[in-house]
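# Observations on chain architecture
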Amino acid sequence: MTRYLLVKLLEAVVAIWGVVTIVFFVSRILGDPTVLLLPVGAGPEEIANLRTALGLDEPLWQQYLYSLLAMVKGDFGISFQHVRPALDVVLERMPATASLAGLALIFGTLIGAIAGAIAALMRGTVAELVVMIAALLGQATPTFWLGIMLILLFSVELGLLPTGGAGGWENYILPGLTLSVFVSASIARLLRSSLLDIMREDYVRTARAKGLMPRTVFFWHIARNALIPVVTMIGIIAGELLGGSVVIETVFAWPGVGRVIVQAIQAQDFPVIQAGVALVAGIFVVVNLLVDLLYGVLDPRIRRG
Amino acid sequence: MKSFFLALLKSRAGLFGFLLVLVFIAGAILAPYLGLPSPTRSSLTARMVAPTWTSLFSPGAHPLGTDELGRDILSRILYGSRTTLLIAAGAVVLGGVVGTLLGIVAGYYRGMVDRILMRIVDIQLALPLMLLALLVVAAVGASSQNLVVVLALTSWLRYARIIRGQVLALREREFILSAHAIGAGTWRIMIKHLLPNVMTPVLVIATLELARIIIMDAALSFLGLGVQPPSPSWGRMLADGRVYITTAWWIVTFPGLAILLTVLSVNLLGDWLRDYFDPKLRTAR
């Protein structure tokens, strides 16, 4: 287990390094921020001075090494827009994004798991049909459009909930619901097919033939194994929630990391883009590390292999 | 081929998806010949006209209403589907070709090539695809060609991973070993012997990827990073119409429905293809 853990940790570090490198070079193609930062009509001398001050006239590889070294220490530079450390700008938005994504992940997984189990256990009934149609629709609906439709219904027509922004618990309902639909649709479909596959396995028949109680067979022989692909899926979904935050936070004017990244891209605020993407990627890598560990717990073969 | 269509006819969901996909493709191709108002012509006198269901076949009417500039929404959706489908199809083909070839190379050579390639896949997987797409489009600009390349960039790794796994198993099979024995070159084995044997999973992944890419394309243009106006695009219509949500619900409702139905039909078709060809792929994804 220790070796497995170490390998996974090393892979995680390499992945984050790769992401930071990609982001560094891509954001340098974004353009020269000096023109945007100076007032209109600034002379070439002022531009040159600012470029020197920001370190933009050094060779690219040197800038890369410097920023890599600085990033290890948690220094992503000063935000051009906010004129304070970029990491702070991003970090203070993190709780909003994380709480929303976490809420959606928990709720969506629970609902999806129940629906998926119902669909598998009640094969061929109306209940299965309803779950499957709902899940298909949920998977095909773009989250940003669903969000707008929910705003239209609950905020504009019924006037029950706020259209956006953060504040009280009622602000969580619409964005949380929107994301949960997406999560539960994926989980329900996967868990159903995974349960159906496992129920056909020989060892399940053996367990039944031994005369074990149906409940024991379900929880210890079927559910435990059917959960393995679901755990992988949760890792993938966490990534989609984090990446999708740029869209959903725009819809609901949610003050999270996604929105900050979109604004930073529009303003060509390199340090904030780098800090934001590195942070999101870092969280995603950690989530996947946890998924791998959980995997090891569920399937002993992985641990020992 | 015959049994393929027979099976399709028997599956209600697969057939529904298949027919709906055909309808959307036909709509995209035939858009200029349907006698619709121009998707870009605005009209100050016809701003935010509500949809009128009865006027579907009367010329000059707006069955799905008009937007804030008086442009016909049905026409914009149909013309928007041309751009969306072209970009998405381009991205699927590009991502599929690159991903499949890399997957074959990695699985066939194994060793160093394989390790490096899979490391690249892992690194890219650590970056949520939407963020990657957003970053790159912002950097290189949102032309149709760039969008195809960026969306393909988010897609190739799914092929590469699965095809690599298939090739790892295939390369030990006897027909590959005998091709080796009679002196077939590496390229010949990869193109003539391995490629045809992985085409089925490639087709299945491609269909499911098409649905994902359509949504991602719409999300990018929703954020203002899709094809630029005046070309109509579904995501852009949603973003622009959102402002008028209190007065004109139809501007945001119909483009979203178009995305939903397109993705739904492609997904149904993809699911059916997967179950028909290889139910094992279900968990591999």
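Residues numbered from 1 in each chain as written. Chains lettered and ligands numbered in written order. Predicted model: local features only at pLDDT ≥ 70, side-chain atom pairs only at ≥ 80, totals over all residues. Heavy atoms only, no water.

Convention followed: UniProt positions are given in the numbering used here, feature names are shortened, and annotations may be inferred rather than shown by experiment.
As annotated in an unreviewed UniProt entry, chain B is Peptide/nickel transport system permease protein from Neorhizobium alkalisoli. One UniProt comment on chain B, placed under Sequence similarities (unreviewed entry), says "Belongs to the binding-protein-dependent transport system permease family." The record in UniProt for chain B states the following under Subcellular location (unreviewed entry): "Cell membrane".

An unreviewed UniProt entry lists chain A under the name Peptide/nickel transport system permease protein, with Neorhizobium alkalisoli as the source organism. Recorded in UniProt for chain A, the comment headed Sequence similarities (unreviewed entry) runs: "Belongs to the binding-protein-dependent transport system permease family."

### Some details on the interface of chain A and chain B
Here is the rule we go by: Only heavy atoms matter for contacts: two residues are in contact if any of them lie within 4.5 Å across the pair. Summed over both partners, buried area is the accessible surface (1.4 Å probe) that two parts give up on being assembled. Any carboxyl oxygen of Asp or Glu that lies within 4 Å of a side-chain nitrogen of Lys or Arg is treated as forming a salt bridge with it. Under the DSSP-based scheme used, a helix requires at least four consecutive residues in state H or I and a strand at least two consecutive residues in state E, with every element numbered from the N terminus.
Tallying the contact residues gives 47 residues for chain A and 39 residues for chain B. Contact between chain A and chain B buries roughly 3,700 Å² in total, counting both sides, with carbon and sulfur atoms accounting for 80%. The partner of Asp271(B) in a salt bridge is Arg189(A), and the shortest N-O contact between them spans 2.3 Å. It is helix 11 (residues 214-251) of chain A that contributes the most residues to the side of chain A that touches chain B, eleven residues altogether.

### Remarks on the UniProt feature "domain: ABC transmembrane type-1" (unreviewed entry) in chain B
If you check UniProt for "domain: ABC transmembrane type-1" (unreviewed entry), the listed places come out as residues 81-270 of chain B in our numbering. For residues 81-270 of chain B, the helix share is 83%, the strand share is 0%, and the end-to-end C-alpha distance is 19 Å.

### A closer look at the packing of helix 11 of chain A against helix 13 (residues 270-298) of chain A
In helix packing, the relevant descriptors are the interaxial angle and the interaxial distance, both defined with respect to the helix axes. All names here are of chain A. Cut-off, in case you're wondering: Orientation is described by lines fitted to C-alpha atoms, with helices fitted over the stretch in contact, and by angles between N-to-C directions that extend from 0 to 180 degrees. These descriptions rest on fixed angle ranges, namely under 35 degrees for roughly parallel, over 145 for roughly antiparallel, 65 to 115 for roughly perpendicular, and the rest for oblique. Note on residue categories: nonpolar means Ala, Val, Leu, Ile, Met, Phe, Trp, Tyr, Cys or Pro, charged means Asp, Glu, Lys or Arg, and polar means any other residue, Gly included.
Axis separation between helix 11 and helix 13 bottoms out at 9 Å; the angle between their running directions is 180°. Here helix 11 is positioned roughly antiparallel relative to helix 13, judged by the angle of their axes. Contact residues: helix 11 offers Arg 224, Leu 227, Ile 228, Val 231, Thr 232, Gly 235, Ala 238, Gly 239 and Leu 242, while helix 13 offers Val 280, Ile 283, Phe 284, Val 287, Asn 288, Val 291, Leu 294, Tyr 295, Val 297 and Leu 298. Here the contact of helix 11 with helix 13 is composed, by residue class, of 14 nonpolar, four polar and one charged.

### A word on the UniProt feature "transmembrane region" (unreviewed entry) in chain B
UniProt records the feature "transmembrane region" (unreviewed entry) at residues 12-34, 85-109, 203-227 and 248-270 of chain B, using the numbering of this structure. Helix makes up 80% of residues 203-227 of chain B and strand 0%, whereas the separation of the span's terminal C-alpha atoms amounts to 27 Å.

### Considering helix 11 of chain A
All names here are of chain A. Put simply, the rule reads: In this analysis, the expected span of each helix is defined as 1.5 Å times one less than the number of residues it contains. The bend reported for a residue corresponds to the angle between axes fitted to the seven residues ending at that residue and the seven starting there.
Under the 1.5 Å per step criterion, the end-to-end length of helix 11 is only 46 Å for 38 residues, more than 12% shorter than the ideal 56 Å. The sharpest bend along helix 11 measures roughly 50° and falls at Ser 245. Downstream of helix 11 by a residue or two, Ala 253 has a phi angle that is positive, lying close to 45°.

### Quick word on the environment of Thr52(B)
All names here are of chain B. Applied cut-off: Between buried and exposed lies partly exposed: a residue is buried under 20% and exposed over 50% of the maximum accessible area for its type, with that area taken using a 1.4 Å probe on protein chains only.
Mapped onto the fold, Thr 52 is located in the loop between helix 2 (12-30) and helix 3 (73-109). Judged by relative accessible area, which is 35%, Thr 52 ranks as partly exposed. Between the alpha carbons of Thr 52 and Leu 177 there is a distance of 66 Å; along the sequence they are 125 residues apart.

### Focus on the UniProt feature "transmembrane region" (unreviewed entry) in chain A
Residue and element names in this part refer to chain A. Residues annotated in UniProt with the feature "transmembrane region" (unreviewed entry) correspond here to residues 12-30, 100-122, 129-152, 172-191, 226-252 and 272-298. Between the C-alpha atoms that bound residues 100-122 there is a distance of 32 Å. The span itself is 96% helix and 0% strand. Helix makes up 100% of residues 172-191 and strand 0%, whereas the separation of the span's terminal C-alpha atoms amounts to 27 Å.

### Observations regarding the pattern of salt bridges
Taken as a whole, this structure holds 17 salt bridges over all chains when the rule is applied. In this structure, the salt-bridge partner of Asp197(A) is Arg200(A), at a minimum N-O distance of 3.2 Å. Classification of Arg200(A) as exposed rests on a relative accessible area of 55%. The shortest N-O distance in the salt bridge between Arg119(B) and Asp122(B) comes to 2.7 Å. Of this pair, Arg119(B) and Asp122(B) both sit in helix 4 (residues 111-126), three residues apart, which is roughly one turn of the helix. Assessed through its relative accessible area of 25%, Asp122(B) is described here as partly exposed. Through salt bridges with shared partners, one network takes in Lys8(A), Glu11(A), Arg119(B), Asp122(B) and Arg161(B).

### Observations concerning the nonpolar core
Soluble globular proteins tend to pack their nonpolar side chains together in the buried interior. Going by this rule: Residues grouped as a nonpolar core are buried Ala, Val, Leu, Ile, Met, Phe, Trp, Tyr and Cys residues, joined through side-chain atoms within 4.5 Å.
Judged by nonpolar contacts, the single largest core of 153 residues is most densely connected at Val277(A), Leu134(B) and Leu194(B). Of all the elements, helix 9 (residues 186-222) of chain B adds the most residues to this core, at 17 residues. In contact with Leu194(B), other than residues within four places in its own chain, are Ile104(B), Tyr108(B), Val167(B), Leu170(B), Ile176(B) and Ile189(B). With seven residues, the next largest nonpolar core counts Leu117(B), Val121(B), Trp156(B) and Ala160(B) among its residues.

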